[in-house]
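Here is what each chain is made of, one letter per residue.
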Amino acid sequence: IIINLIIFILQQAERSDTTPKDIQVSSKMLNKHAYIEIRDNFTHYRERAELSDDIYSAMNWGDDFSLGMVIVKQVVDRFKGTVCYMNDTEQNALFQICFPAIISKQKGAQQ
């Protein structure tokens, strides 16, 4: 998932005059969900949106929309997650992937 999103972001970077170009990947656990966030400083989205089943028209990126993004959507759906894209508080582009956390009980741990 991460590699496919980064490849898509790098395709967008080729169109941007912003220098230097920066991509950051981070993860966190919050409220029983696991988040993976990928930010860049050269792409901006008009509004927050979720990748929908009709992802080609939802994102309206035409021919640059790769098969990799379709794979991202399918994998995330399979594990009951979501993929959103938006601008963060500093107006950097942000892809946010969210999955329900799987919390395993360690052997011998008290409940």
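Our subject is the structure that appears above.
Values in this document were obtained by computation on a predicted structure and should not be read as measured data.

Novice: For the overall build of the chain, give the residues involved together with the corresponding values.
Specialist: Across its full length, the chain carries 3 helices and 5 strands. Secondary structure elements in the chain, listed N-terminal to C-terminal, are α-β-β-β-α-α-β-β.

Novice: Help me get a handle on the packing of aromatic side chains, residues and values and all.
Specialist: According to the stated counting rule, one finds 2 aromatic pairs in the structure shown. For the ring pair Phe-8 and Phe-95, a centre distance of 6.2 Å and an interplane angle of 85° mean the geometry is edge-to-face. With Phe-8 in helix α1 (residues 2-13) and Phe-95 in strand β5 (residues 93-100), this residue pair connects regions lying 87 residues apart in the sequence. Measuring from ring centre to ring centre gives 6.2 Å for Tyr-85 and Phe-95, while their planes differ by 45°; the resulting arrangement is tilted. Taken together, the positions of Tyr-85 in strand β4 (residues 82-87) and Phe-95 in strand β5 put the pair 10 residues apart, joining distant regions of the chain. For the pair formed by Tyr-85 and Phe-95, the shared burial category is buried.

Novice: Report on the environment of Phe-79, specifying residues and quantitative values.
Specialist: Inspection of the secondary structure assignment puts Phe-79 in the loop between α3 (67-78) and β4. Taking the C-alpha atoms as reference, Phe-79 lies 9.8 Å from Cys-98; in sequence the two are 19 residues apart. Excluding residues that lie within four positions of it along the chain, Phe-79 makes contacts with Phe-99 and Pro-100.

Novice: Give me the lowdown on the pairing of strand β2 (residues 33-40), citing residues and values where you can.
Specialist: Across 8 bridges, strand β1 (residues 23-30) lies against β2 in antiparallel orientation. Residue pairing in the sheet places Gln-24 in a bridge with Arg-39 of β2. Linking β1 back to β2 in an antiparallel pair, the connection comprises 2 residues, with Asn-31 at a positive phi of about 50°. Bridge analysis of β2 against β5 gives 8 bridges, and the strand direction is antiparallel. Its bridge partner lying in β5, Ile-36 is registered against Ile-97.

Novice: Residue-level account of α1, with values.
Specialist: Spanning 12 residues, α1 covers 16 Å between terminal C-alpha atoms, matching the ideal 16 Å at 1.5 Å per step. Within α1 the residues assigned to the buried category are Asn-4, Leu-5, Phe-8, Ile-9, Gln-12 and Ala-13. Buried residues along α1 sit in contact with β1, β2, α3 and β5.

Novice: With reference to specific residues and values, describe the pairing of β4.
Specialist: Where β4 and β5 come together, 6 bridges link them in antiparallel fashion. The residue bridging Tyr-85 from the neighbouring strand is Phe-95, located in β5. The hairpin formed by β4 and β5 contains 5 residues between the paired strands, and Gln-91 there has a positive phi angle of roughly 65°.

Rules used in this analysis
- Residues numbered from 1 in each chain as written.
- Predicted model: local features only at pLDDT ≥ 70, side-chain atom pairs only at ≥ 80, totals over all residues.
- Heavy atoms only, no water.
- Helix = DSSP H or I, 4+ residues; strand = E, 2+ residues; numbered from the N terminus.
- Phe/Tyr/Trp six-rings, centres within 6.5 Å; stacked < 30°, edge-to-face > 60°.
- Buried < 20%, exposed > 50% of the residue type's maximum accessible area, 1.4 Å probe, protein only.
- Contact = heavy atoms within 4.5 Å.
- Pairing = 2+ DSSP bridges.
- Expected span 1.5 Å × (residues − 1).

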